[in-house]
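# Breakdown of the fold
Next come the chains, spelled out residue by residue.
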Amino acid sequence: MKVLLPGGAGYIGSHTCVELINAGHEAVILDNFSNSCAEAVARIEEITGKKIPLYNADACDPEAVEKVFSENKIDAVIHFAGYKAVGESCEKPLMYYRNNLDSALTVLEAMKRHGVSNFIFSSSATVYGTPESVPLVETMPTGSPTNPYGRTKLMLEQILTDAAAADNNLSVVLLRYFNPIGAHESGRIGEDPNGIPNNLMPYITQVAAGRLPRLGVFGNDYPTPDGTGIRDYIHVVDLAKGHVKALDYAAEHKGSEIFNLGTGTGYSVLDIVNAFIKVNKVDIPYDIKPRRAGDIAECFADPAKAEKVLGWKAEKSLEDMCYDSWNWQSKNKNGYKS
Ligand code: NAD
Ligand code: UFG
């Protein structure tokens, strides 16, 4: 299939592009590089040996999106485009609602005009809100995300479910990601956040690289075995492979379906820090800090539905995730700028 990837130059999109090509699909990337750069696409081409049509354009721009659809016979869309920083979304909610909602709606309208019926969406475990129990199962009710970013994901899930219910031709797959970390084994593509990272693993790798002095561990008084927060960390290459399976599923089904993409195993912040130190033999100095506003104690997936229905299961270990994260960062100290 020929697959359009709005936001395909970003962290998850770039890894998914590689796995799509490995599986025999073709990719077209549309990205405005608001949180990525053209170098990432050059590296995807280097890894895969394939030239990828690239549109430097805003997914909210109907004319630019129309041009992509009229110049390419697109079969499916995997929509990564969006802003994702939780703290920034509280400061600039309108910018988040505008970009995240508008980009998806603009692409969906172009799909309808061109008779394209498969849409796979990057949702998030954040739509579960504060879990009443773990593991999280897709049938559990969605909760109240604690920030505008999370609410854009919940709103888009609702919009996409409504769109699929109203259009017998449309197939929508909502992928609820847990916590992607790691990088491609080549060390040529990886996570390259702007400014000081918000997320745990890029913060750890930047401490290891000497770009940041010490890690702050946000709270050690949660009701977890070591008191630090527990998450379901998943290797980004496993996550990327989940999209390839979701694409196969979308092509054969109509309506909308939700899948958790996680490993089913929760690790604490200190589990991650200690595994990273052990695997990579580098020191990660850290201080215990107060809890971060909006954080939950524990979040991990029940990934059984994705295994049963998609035939997908995460395969990489915590050690692989720590190794590949550092392989990328140590070879690219300043991300794509180095
Ligand atoms: P990312 O920022 O690396 O990738 C997003 C890409 O979209 C970037 O390349 C950015 O330049 C592009 N973009 C943003 N707005 C655009 C627009 N209007 N037009 C064109 N391009 C635009 O983020 P990521 O980690 O790869 O995440 C991909 C998707 O997955 C996002 O929707 C994100 O919210 C979602 N998600 C990410 C995580 C995570 O932990 N990384 C977890 C759950 C969900
Ligand atoms: N943490 C630290 N220090 C840091 C960064 C994080 O101790 O410098 C801790 C957090 O308190 C949390 C854990 O590490 O316990 C993971 O935090 P991340 O910021 O890496 O990830 P979150 O689970 O908070 O957020 C992620 C995505 C969000 C998404 C959310 C729910 O980044 O986009 O999962 O799906 F909304």
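This text gives an overview of the structure that appears in the document.

## Observations regarding the pairing of strand β1 (residues 2-6)
- Summarising burial for β1: four of the five residues are buried, a large majority.
- Pairing geometry for β1 and strand β2 (residues 26-31), over five bridges, is parallel. Note on β2: the bridge partner recorded for Val-3 is Ala-27.
- Pairing of β1 with strand β4 (residues 76-79) involves two bridges; the strand directions are parallel. Bridging across to β4, Leu-4 finds its partner in Val-77.

## Some words on the site of ligand 1
- Taken together, 28 residues form the shell around ligand 1, and within it Asp-31, Asn-35, Ser-36, Lys-84 and Asn-99 come nearest.
- Asn-99 is positioned such that a nitrogen or oxygen atom in its side chain is 2.7 Å from a nitrogen atom of ligand 1.
- Here an oxygen atom of ligand 1 sits 2.9 Å away from a polar atom, N or O, in the side chain of Lys-153.
- When ligand 1 sits alone it has 810 Å² of accessible area, and the protein chains cover 95% of it.
- Residue assignment for the shell around ligand 1 shows that the elements contributing at least two residues are α1 (11-22), β2, β5 (118-124) and α6 (148-166).
- In terms of residue count, β5 provides more of the shell around ligand 1 than any other element does, three residues in total.
- Looking at the shell around ligand 1 residue by residue, the class counts come to 13 nonpolar, eleven polar and four charged.

The rules behind these values
- Residues numbered from 1 in each chain as written.
- Chains lettered and ligands numbered in written order.
- Predicted model: local features only at pLDDT ≥ 70, side-chain atom pairs only at ≥ 80, totals over all residues.
- Heavy atoms only, no water.
- Buried < 20%, exposed > 50% of the residue type's maximum accessible area, 1.4 Å probe, protein only.
- Helix = DSSP H or I, 4+ residues; strand = E, 2+ residues; numbered from the N terminus.
- Pairing = 2+ DSSP bridges.
- Near = heavy atom within 4 Å.
- Polar contact = N/O pair within 3.5 Å; in protein donor to acceptor, adjacent residues only side chain to side chain.
- Areas by Shrake-Rupley, 256 points an atom, 1.4 Å probe, with all protein chains shown as cover.
- Nonpolar A, V, L, I, M, F, W, Y, C, P; charged D, E, K, R; others polar.

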